[in-house]
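A structural walkthrough
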Amino acid sequence: MRRRWCSAPRWSSPAVQLLVLSAGTLCALLPLCRRLPFSYFYLRSVYLDAMSEEALQDGFRRGQDALRFWRGVPASPSGFRDVTPRPELLVAVVTARRREGGELHYLLQVMQQLRVLLEDCGPRRCAEVLVCDVEGGPLDNPDAARLEGHFQVIRRTPQEQERDRGRVNTFEREKRDYVFCLRRAWQLVAPRNLLVLEDDALPGRDFFAVVRDLLGRSFAAHTLYVKLYHPERLQRYWNPEPYRLLEWVGLGVVGASALLLALPRWNPCALAFTPCPAHLLLLTLYFMAAAELLGRHYLLEARRLSPQLYAVSPATECCTPAMLFPGNASQRAAAYLEGVACSKGNAKDTALYRLARARPGEHAHSVEPNLVAHIGAYSSVRPNPPRPKLL
């Protein structure tokens, strides 16, 4: 009896092996993930301040580089400034002057990147591009004025400015600015598809390739909008979104099945797992836990290998840095937004999300991973801390 109680657990036990495997994974992941902001292992108290300061300095350098770029490029009467009627895709960049962080020149960064991407398209342009300046005039937004020799810039007339930007709260004013850009961009050239970028949404290298692929999928003809950005901190599996839970379980099952199928052919550690339901369940839970602790955001990056791998799912509520409106959906969205009053707790992103869900037959989608990087540390409409943080 005494020998039975004191005997050590054997390595051949699957439960012991799973325990050791889990402990080893945690110990191996911890040093690797401590600098990954969207991992559970991120050491916020150690790295956040330094990484936030580094991000601000990087943004400042990019902004100054973009400023020098646009100062050195001669204005052209043609080129990107001429927007052809009925383009397949029109990109409208909504911009407002920032009272803080102006030296980062977000708009100039975004437009420089768009110019590079458009030049990479070849003789046939991927899209037409214009700037929608929601300020009162060129003197109110110097960065937008600097781009007028390169891109078409649209603004309100003084009468429209007085009517649309009267004494209303910040959230309602932001919504009216967005609706104005949706309406005016459509009236100007009637694009077949409209993509709206905010001036701190920096497109990735595969931006136009993925957008073109999305517009070719069958769902695009029956959707109000497609979100091209969702905050990375909100992309975890442990989330009320049902599709993410299914994706999480599916990932665990695939990982567990792959391991069980590989063990008969290659098993250097003499693992005792077999393709039985109990072992499949235990390994599924192991892979699910490992994926969540590492961070779903980093696993999504593997989808960038091809535009066809980008996932389309039901839209999430926050936010609107990059929105694709297929067909004439931008005008339906504008009409919906005109019918609601925005306020704190019901900003334009929340209002549009609720409107899409409330209208029979309307659908809204999100794309993962993100097609743009949100580089705006300083907001143009909300109070800013002295030194913004990454998280």
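These remarks concern the structure in this document. (Residues numbered from 1 in each chain as written. Predicted model: local features only at pLDDT ≥ 70, side-chain atom pairs only at ≥ 80, totals over all residues. Heavy atoms only, no water.)

1. Here's the deal with the overall build of the protein
When its secondary structure is counted, the protein shows 13 helices and 10 strands. Referenced to the eigenvectors of the C-alpha coordinate spread, the extents of the protein come out at roughly 95 × 45 × 45 Å. When the 391 residues of the protein are sorted by exposure, 48% land in the buried category. Counting only contacts in the protein whose residues sit at least 6 apart along the sequence, the fraction spanning at least 24 positions is 79%. Approximately 19,800 Å² of the protein is accessible, and the part contributed by carbon and sulfur atoms is 59%. Looking at charge distribution, the protein has the averaged site of its 51 positive side-chain charges lying 7 Å from that of its 38 negative ones. (Helix = DSSP H or I, 4+ residues; strand = E, 2+ residues; numbered from the N terminus. Buried < 20%, exposed > 50% of the residue type's maximum accessible area, 1.4 Å probe, protein only. Contact = heavy atoms within 4.5 Å. Areas by Shrake-Rupley, 256 points an atom, 1.4 Å probe, with all protein chains shown as cover. Lys, Arg positive; Asp, Glu negative; His and termini not counted. Charge placed at Lys NZ, Arg CZ, Asp CG, Glu CD.)

2. A few points about the packing of helix 7 (residues 170–189) against helix 12 (residues 329–338)
At their nearest, the axes of helix 7 and helix 12 sit 9 Å apart, and the two run at 150 degrees to each other. Considering their axes alone, helix 7 and helix 12 lie roughly antiparallel with respect to each other. The chirality of how helix 7 crosses helix 12 is left-handed. Where helix 7 abuts helix 12, its residues K175, Y178, V179, L182, R183 and W186 lie against S330, Q331, A334, A335, L337 and E338. In the contact of helix 7 with helix 12, the residues fall into 7 nonpolar, 2 polar and 3 charged. (Axes fitted to C-alpha atoms, helices over the stretch in contact; angles between N-to-C directions. Parallel < 35°, antiparallel > 145°, perpendicular 65-115°, else oblique. Left-handed = near helix turned anticlockwise from the far one by under 90°. Nonpolar A, V, L, I, M, F, W, Y, C, P; charged D, E, K, R; others polar.)

3. Considering the state of the cysteines
In the structure shown here, the tally under the stated rule is 3 disulfides. In this model C121 forms its disulfide with C126; the gap between the sulfur atoms is 1.5 Å. Between C121 and C126 the disulfide shows an S-S torsion of about -115 degrees. By sign, it is left-handed. Taking relative accessible area as the criterion, C121 reaches 24% and is therefore assigned partly exposed. Note on C126: relative accessible area 21%, which makes it partly exposed. Disulfides within the protein link the bonded cysteines, taken in sequence order, as 1-2, 3-4, 5-6. (Disulfide = S-S within 2.5 Å.)

4. Examining unusual backbone geometry
In this structure, the amide linkage connecting C318 to the following residue, C319, adopts the cis form with an omega of 15 degrees. By the element assignment, C319 lies in the loop between strand 7 (311–314) and strand 8 (322–326). Omega for the peptide link from E368 to P369 comes to 0 degrees, which places this bond in the cis form. Structurally, P369 is set in the loop between strand 9 (364–368) and strand 10 (372–374). Here H105, not a glycine, exhibits a phi torsion of approximately 50 degrees, which is positive. Judged by its relative accessible area of 11%, H105 is buried. The phi angle at A190 is positive, at roughly 50 degrees, despite the residue not being glycine. Secondary-structure assignment places A190 in the loop between helix 7 and strand 4 (193–198).

5. Regarding the packing of aromatic side chains
In this structure the tally under the stated criterion is 9 aromatic pairs. Judged by centre distance (5.9 Å) and plane angle (70 degrees), the ring pair of W70 and F151 falls under edge-to-face. Here the residue W70 occupies a position in helix 3 (residues 44–72), and F151 occupies one in the loop between helix 5 (142–146) and strand 3 (152–154), the gap between them amounting to 81 residues. The class of W70 is buried, set by a relative accessible area of 2%. We classify F151 as buried; its relative accessible area is 0%. Measuring from ring centre to ring centre gives 5.1 Å for Y286 and F287, while their planes differ by 70 degrees; the resulting arrangement is edge-to-face. On the basis of relative accessible area, Y286 is assigned to the buried category, the value being 15%. (Phe/Tyr/Trp six-rings, centres within 6.5 Å; stacked < 30°, edge-to-face > 60°.)

6. Remarks on the sheet that holds strand 2 (residues 128–133)
What the 8 strands build is an open sheet, ordered 3-2-1-4-8-6-9-7; its pairing is mixed. Looking at which strands have only one partner, the edges of the open sheet turn out to be strand 3 and strand 7. Strand-to-strand, the axes of this sheet are offset by a mean angle of 25 degrees, without reference to chain direction. Taken together, the 5 bridges between strand 1 (residues 90–95) and strand 4 define a ladder with parallel strand orientation. Directly across from L90, in strand 4, lies its bridge partner L194. (Pairing = 2+ DSSP bridges.)

Any functional reading would require information that these geometric values do not contain.
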